[in-house]
There are 2 protein chains.
Amino acid sequence: MGRISYVNGRYLRHSQAMVSIEDRGYQFADGIYEVIAFYNRRFLDAGPHLDRLERSLRELSIPMPMGRRALEFVAQEILDRNDRNDGTLYFQITRGVARRDHLFPKNVKPSLVMTVGGMRSPKPAEFENGVAVIALPDQRWARRDIKSIGLLPNVLAKQRAAEAGAREAWLLGEDGMVLECAVSNNAIVNAKGEVITHPATHAILGGISRHVMLGLARGAGIKAIERPFSLAEAKAAKEAFITGTTSNVLPVVRIDGGAVGDGRPGPVTKLLQALYYDHIFKETGKRWN
Amino acid sequence: MGRISYVNGRYLRHSQAMVSIEDRGYQFADGIYEVIAFYNRRFLDAGPHLDRLERSLRELSIPMPMGRRALEFVAQEILDRNDRNDGTLYFQITRGVARRDHLFPKNVKPSLVMTVGGMRSPKPAEFENGVAVIALPDQRWARRDIKSIGLLPNVLAKQRAAEAGAREAWLLGEDGMVLECAVSNNAIVNAKGEVITHPATHAILGGISRHVMLGLARGAGIKAIERPFSLAEAKAAKEAFITGTTSNVLPVVRIDGGAVGDGRPGPVTKLLQALYYDHIFKETGKRWN
């Protein structure tokens, strides 16, 4: 069975999944997306992802292309039509197709695309031993809380990180505070074993994995504080990690070439990672390791 | 003859002009665009527009999809295949089609789209009597000098302006200085009759019409100063105007509801507008009025 994608009401072979050049997603990045992981063909945290999808649309005054229940139906259908046990479901919704004009067009239907793809997870050794990151100035727009497809600054930051041999870029606000990563959220652990992560303001995307991690930490009696932290504080932290839909809880052991703590994943990070794997298991029946 | 568009080597009926859902322009806003006006089927300032197109691509490490001369050939060809005397030629170039991953893909060809469309100019009465604008905080990314397709913040600002009954949004930096408009550049005229416009830094898109206007002003003995100006300074200015590919030189007579000068287009603006019409005439043979 080949790869099948959903485009505006049709299930198509992926190579034939096309949109108009006047789709506003193509000409204006006027749209949003979501990525939901699945394991054993069962979605992980689909509810919060779809809540966020609806919120992103509301913030941009783009109507839902169909009701929530219909959207869930199509999501299940596209999963059923593809031959993957573990992977990601990608949703993209744009304002629709219209003659090019910045102003919102009248009487257009939003475009809806869904695809199923691979996990693109970090390697087992990266989950085990941690990864390196570099810090970069954040070049993104002011509404990072909206999961828009305007990802060019994220692309450039991730590419720069890769060229520097790093897994991710930690993005700095103008005040020098660490906001999040190019493609994921992040957190540090201080000497008291407390988890610190940027609050979910307009300055960051409120990650679902971040939210899950905070709940798991608090459930385990770990104090989790949502406040900005500086790059200097991060470099002096005991531990650091990334959270994301395909990163789960990923230890960070080097920032700008310097070791975090003793340069190995720390106990709080390892505990949160294990709790996150438990979470995946409880939701989907998939044992991560 | 129907509308014909160019997509990756093919001349297609516009309704059939499609791109893959995995074009990086669609999923990441990973691309750039240009808009060139034509009159009497002759391009206006094509050279500087194509120079800027090449610069935008270089800044994003996207190769030219074909050589400059081939690009000019296709531009002429697509103009010839469409039935418009006056209008705009739209170019869009993206990094290409690849499996979704933020990192730059290897061995992909950039996508190239060209379309011919209408002018979408202001109305004659707006050129004559001026327009209203409102000021809004600039929400765009840090590299506004790159003419990227990541236009969502521009779309939102233009829409908010329209909903407030204004033609354009004047975008303010965090320091309160006026940068430019959502879709065009802007300038003010002080009591000495000097033109003031933001310098072409990374904070604004260096407009071709802005550049032409500066040359015309200086050629006519008008002092033209490139420095930031505040919103307060703009509101207290004698005159104000917008420059753009389809706006030409467009008087601004109200900012946030308050009159600029005496609320009518001033003499410096009118002179620059007339000089801009002369420029169009010299380049294309088209008499604007």
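So, how was this worked out
For every chain, the first residue of its written sequence is number 1, and the numbers climb from 1 along that sequence. Starting at A for chains and at 1 for ligands, labels are handed out in the order in which the entities are written. Residue-level local features of this predicted model are given only where pLDDT is at least 70; pairs of side-chain atoms are given and counted only at 80 or more, and the full residue set underlies all totals for whole chains, interfaces and linings. The side-chain quantities take in all heavy atoms of the structure and omit both hydrogens and water. By definition, two strands form a pair when at least two bridges between them are found by DSSP. Helix and strand definitions here come from DSSP, where helices need a minimum of 4 consecutive H or I residues and strands a minimum of 2 consecutive E residues; each element is numbered from the N-terminal end. Here, two residues are considered to be in contact whenever any of their heavy atoms come within 4.5 Å of each other. Angles here are taken between N-to-C directions and fall from 0 to 180 degrees, while the axes themselves are lines fitted to C-alpha atoms, restricted in helices to the stretch in contact. The term buried area refers to how much accessible surface (probe radius 1.4 Å) is lost by two components on association, counted for both of them together. A pair is scored as a salt bridge if a Lys or Arg side-chain nitrogen falls within 4 Å of a carboxyl oxygen belonging to Asp or Glu. A helix is expected to span 1.5 Å multiplied by its residue count minus one. Oblique is the label for any angle not covered by the other classes, which are roughly parallel (under 35 degrees), roughly antiparallel (over 145) and roughly perpendicular (65 to 115). Less than a right angle of anticlockwise turn of the near helix away from the far helix marks a crossing as left-handed, whereas a clockwise turn marks it as right-handed. Categorising residues by exposure relies on relative accessible area from a 1.4 Å probe, with only protein chains included: less than 20% of the type maximum marks a residue as buried, more than 50% marks it as exposed, and the intermediate range marks it as partly exposed. Only residues whose relative accessible area exceeds 30% and that form no salt bridge enter a patch; like-charged residues are grouped when within 9 Å of one another, and nonpolar side chains (Val, Leu, Ile, Met, Phe, Trp, Tyr) when within 5 Å. Working definition of accessibility: Shrake-Rupley area with a 1.4 Å probe, residue cover restricted to the visible protein chains. Positive charges are assigned to Lys and Arg, negative charges to Asp and Glu, while His and the chain termini are left out of the count. A charge is said to be at NZ when it belongs to Lys, at CZ for Arg, at CG for Asp and at CD for Glu. Superposing the copies works by least squares over the C-alpha atoms of residues that have pLDDT at least 70 in both of them.

1. Comments concerning the sheet that holds strand S2 (residues 10-13) of chain A
Residue and element names in this part refer to chain A.
Phase 1: Taken in spatial order, the six strands make up an open sheet running S2-S1-S7-S6-S4-S5, and their pairing is antiparallel. Edge positions in the sheet fall to S2 and strand S5 (42-43), since each of these pairs with one other strand and no more.
Phase 2: Strands in contact with helix H3 (residues 68-80) are strand S1 (4-7), S2, strand S4 (31-39), S5, strand S6 (87-94) and strand S7 (111-117); relative to S7, the strand with the most contacts, it is inclined by about 35°.

2. Comments concerning the interface of chain B and chain A
Phase 1: Taken together, the 54 residues of chain B in the interface contact 54 residues of chain A.
Phase 2: Summed over both sides, the interface between chain B and chain A buries roughly 4,800 Å², with carbon and sulfur atoms accounting for 62% of that surface.
Phase 3: Per-residue buried area on chain B facing chain A is highest for B:Ile21, B:Tyr26 and B:His102; these three make up 17% of the total on that side.
Phase 4: Where chain B packs against chain A, one counts four salt bridges.
Phase 5: Between B:Glu22 and A:Arg3 there is a salt bridge, with its nearest N and O atoms 3.6 Å apart.

3. Observations concerning helix H8 (residues 267-284) of chain B
Along an α-helix, residues three or four positions apart point the same way, because every turn accommodates 3.6 residues.
Phase 1: In a regular helix each residue adds 1.5 Å, so 18 residues correspond to 26 Å; H8(B) covers 26 Å between its end C-alpha atoms and thus fits that length.
Phase 2: One or two positions beyond H8(B), positive phi appears at B:Gly285, with a value near 80°.

4. Here's the deal with the packing of helix H2 (residues 46-59) of chain A against H3(A)
Residues and elements named next belong to chain A.
Phase 1: At a closest axis distance of 12 Å, the pairing of H2 and H3 adopts a crossing angle of 125°. By the angle class used here, H2 and H3 are oblique. The handedness of the crossing between H2 and H3 is right-handed. Touching Gly47, Leu50, Asp51, Leu53 and Glu54 of H2 are Arg68, Leu71 and Glu72, all from H3.

5. Quick notes on the side chain of A:Arg144
Residue and element names in this part refer to chain A.
Phase 1: Its location among the elements puts Arg144 in the loop between strand S8 (131-137) and helix H5 (152-163).
Phase 2: Classification of Arg144 as buried rests on a relative accessible area of 16%.
Phase 3: When neighbours within four sequence positions are excluded, Arg144 is seen to be in contact with Asp138, Leu179, Glu180, His202, Ala203, Ile204 and Leu205.

6. Focus on a negative patch on the surface
Phase 1: Taken together, A:Glu174, A:Asp175, B:Glu174 and B:Asp175 make up a surface patch of like negative charges.
Phase 2: With respect to the helices and strands, B:Glu174 occurs in the loop between strand S9 (168-172) and strand S10 (177-181).
Phase 3: Using a relative accessible area of 81% as the deciding quantity, one classes B:Glu174 as exposed.

7. Comments concerning the sheet that holds strand S4 (residues 31-39) of chain B
Residue and element names in this part refer to chain B.
Phase 1: On the basis of which strands lie adjacent, the open sheet formed by six strands has the order S2-S1-S7-S6-S4-S5 and antiparallel pairing. Looking at the sheet topology across the chains shown, the edges are occupied by strand S2 (10-13) and strand S5 (42-43).
Phase 2: With four bridges connecting them, strand S1 (residues 4-7) and S2 associate as antiparallel partners. Bridge pairing in S2 places Ser5 opposite Leu12.

8. A closer look at the relation of the copies chain B and chain A
Phase 1: Rotating chain B by 180° and moving it 0.0 Å along the rotation axis overlays it on chain A with an RMSD of 0.0 Å. The superposition operator between the copies reduces to a two-fold rotation axis.
Phase 2: When the interface residues of chain B are mapped onto chain A, 100% of them are again interface residues, pointing to one common binding face.

9. Topic: unusual backbone geometry
Residues and elements named next belong to chain A.
Phase 1: One non-glycine residue, Asp256, lies in the positive phi region at around 50°.
Phase 2: With respect to the element layout, Asp256 can be found in the loop between strand S16 (248-255) and strand S17 (258-259).
Phase 3: Among the residues examined, Asp256 registers a relative accessible area of 36% and is labelled partly exposed.

10. Re the pattern of salt bridges
Phase 1: Scanning the entire structure with this criterion turns up 44 salt bridges over all chains.
Phase 2: Salt-bridge contacts for B:Arg95 lead to B:Asp30; the nearest nitrogen and oxygen are separated by 2.6 Å. With B:Arg95 in the loop between strand S6 (87-94) and strand S7 (111-117) and B:Asp30 in the loop between helix H1 (24-28) and S4, this pair connects stretches of sequence that are 65 residues apart.
Phase 3: Residue B:Glu59 pairs with B:Arg143 through a salt bridge whose shortest N-O separation is 2.8 Å. One end of the pair, B:Glu59, is in helix H2 (residues 46-59); the other, B:Arg143, is in the loop between strand S8 (131-137) and helix H5 (152-163), and 84 residues separate them in sequence.
Phase 4: Look at B:Arg143 and you get buried, because its relative accessible area is 13%.
Phase 5: The network of salt bridges with common partners includes A:Asp51, A:Glu54, A:Arg68 and A:Glu72.

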